[in-house]
Amino acid sequence: MAKIDINSLELNELKEYIMSLGEKPFVAKQIYSWLHVKNAESFDEMTNVSKALRATLGENCAVTTLSVRKKQVSKDGTIKYLYQLGDGNCIETVLMRYEHGNSICVSSQVGCRMGCKFCASTQHGKVRDLTTGEILRQVYKTEKDIGERISNIVMMGIGEPLDNFDNATRFVRMISSPDGKNISQRNISLSTCGIVPKIYELADMNLNITLSISLHATTTELRKKTMPITNAYSVEQLMQACRDYTKKTGRRISFEYTVIHGTNDSDDDARRLAGLLKGMISHVNLIPLNPVDGSPFTRYDDKIIKIFQKKLTDLHINATIRRRLGQDISAACGQLRNENR
Ligand code: SAH
């Protein structure tokens, strides 16, 4: 029989399970705290849990653990981890250090099936979804490694979080739970290429996270060239979902726009982008393109992103340029994993 994935259980589910073994609910709380606060990686560490129960748990449950396959440290303090999962697959996690605290970029899938043409993570397709426990463990393992607390999370690593919807949203609930790490949902961003029905589902979940939309193009026709998801949902449908999301949640949406010279940075693009965002509470985050081997979209330099930013500012659109962290280790997300395949 397959073992129970104990790391992915929310506290109420763990309570139910522990009580089914004839134990009191407070024992579940102790175990939850070992797993999700103290970053325990085995039942043996749970010294306030009886030996007999630890043995039963060991027989019936698996504790998700990650091992460090590779670790790259940048001069600016950014750390890129290649974590190996129990089944040998690898994912990437990035730790970024800011004045306001430590921020982590987590993966949600092994590979990705969205097929964005400029992205390394999708080049070999999707292998599988990550479990909730495997997404959580990226945070715990990294905290353990650096010996510091992590306060901000971006779900922008390998994979499409809304294509692993249940585990991604369970992750948000568990990492923000007061019984776990208690990271405020306001400090969590989820980035999506725009799976429209899932944006509506997310709006219904009443989470206080920041939704980031990877827009990258201003018309359906242009977006189809770089982002195949646009064959399923037009830019108009996506923008309508965003307006409805904000209406329902009151949360500002952040739009990511990777500037690809000659592809999406013309005066017309700037005007159309301003048009799409008109009347919305939103924010534009311009991302420097990280050229990826085998991608037809590689034209980028630091000047052109500033020129495009100015075009937007002139149209009264507030746009910031994402700081490049970890320049010296800067394989674009997904590249470290590709190198190791
Ligand atoms: N699947 C999610 C998270 C992916 S990565 C999404 O699509 O949003 C996070 C961001 O980096 C996305 O905006 C993605 O489009 C962008 N990105 C991917 N590859 C890139 C590259 N080579 N250069 C710049 N940005 C890239």
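Located above this text is the structure these notes cover.
Residues numbered from 1 in each chain as written. Predicted model: local features only at pLDDT ≥ 70, side-chain atom pairs only at ≥ 80, totals over all residues. Heavy atoms only, no water.

(A) Quick peek at the site of the ligand. Taken together, 18 residues lie around the ligand, and Phe 118, Ser 191, Ser 214, His 216 and Asn 290 are the ones closest in. A distance of 3.0 Å separates a nitrogen atom of the ligand from a polar atom in the backbone of Gly 159. Between the ligand and Glu 160 there is a distance of 3.0 Å, counted from a nitrogen atom to a side-chain nitrogen or oxygen. The fraction of the free accessible surface of the ligand (530 Å²) that becomes covered by protein chains is 91%. Of all elements in the fold, only β10 (188-192), β12 (253-259) and β13 (282-288) reach the threshold of two or more residues within the shell around the ligand. Broken down by class, the residue content of the shell around the ligand amounts to eight nonpolar, eight polar and two charged. (Near = heavy atom within 4 Å. Polar contact = N/O pair within 3.5 Å; in protein donor to acceptor, adjacent residues only side chain to side chain. Areas by Shrake-Rupley, 256 points an atom, 1.4 Å probe, with all protein chains shown as cover. Helix = DSSP H or I, 4+ residues; strand = E, 2+ residues; numbered from the N terminus. Nonpolar A, V, L, I, M, F, W, Y, C, P; charged D, E, K, R; others polar.)

(B) Structural detail: the sheet that holds strand β3 (residues 67-73). Spatially, β3-β4-β5-β6-β9-β10-β11-β12-β13-β14 is the arrangement adopted by the ten strands of the open sheet, whose pairing is mixed. Two strands bound the open sheet, and with one partner strand each, they are β3 and β14 (319-321). The average undirected angle you get between the axes of adjacent strands in this sheet is 20 degrees. Pairing between strand β4 (residues 79-84) and strand β5 (residues 90-98): six bridges, direction antiparallel. Paired with Leu 82 across the two strands is Glu 92, which belongs to β5. Its contacts with the sheet put helix α5 (residues 165-175) on β9 (152-155) and β10, and the angle it makes with β9 is roughly 180 degrees. (Pairing = 2+ DSSP bridges. Axes fitted to C-alpha atoms, helices over the stretch in contact; angles between N-to-C directions. Contact = heavy atoms within 4.5 Å.)

(C) Summary view of the pairing of strand β11 (residues 210-214). The buried fraction of β11 amounts to five of the five residues, a majority that puts the element mostly inside the structure. Side chains of β11 alternate between two faces, with Thr 210, Ser 212 and Ser 214 and Leu 211 and Ile 213 buried alike. Relative to β11, β10 is paired through four bridges, and the arrangement is parallel. Bridge assignment links Ser 189 to a residue of β11, and that residue is Thr 210. A crossover links β10 with its parallel partner β11, the connecting element being helix α6 (residues 196-203), and its sense is right-handed. (Buried < 20%, exposed > 50% of the residue type's maximum accessible area, 1.4 Å probe, protein only. Right-handed = clockwise from strand over helix to strand, strands pointing away.)

(D) Quick look at the environment of Gln 240. Structurally, the position occupied by Gln 240 is in helix α8 (residues 235-249). Residues Gln 240 and Ala 2, spaced 238 residues apart in sequence, show a C-alpha to C-alpha distance of 43 Å.

(E) Focus on the side chain of Gln 185. With respect to the helices, strands and loops of the structure, Gln 185 is situated in the loop between α5 and β10. Note on Gln 185: relative accessible area 17%, which makes it buried. A polar contact is formed between the side chain of Gln 185 and the backbone nitrogen of Asn 208, at a distance of 2.7 Å. Setting aside residues up to four positions removed in sequence, Gln 185 forms contacts with Val 172, Ser 176, Leu 207, Asn 208, Ile 209 and Thr 210.

Honestly, that's just the spatial picture; any functional story needs more than this.
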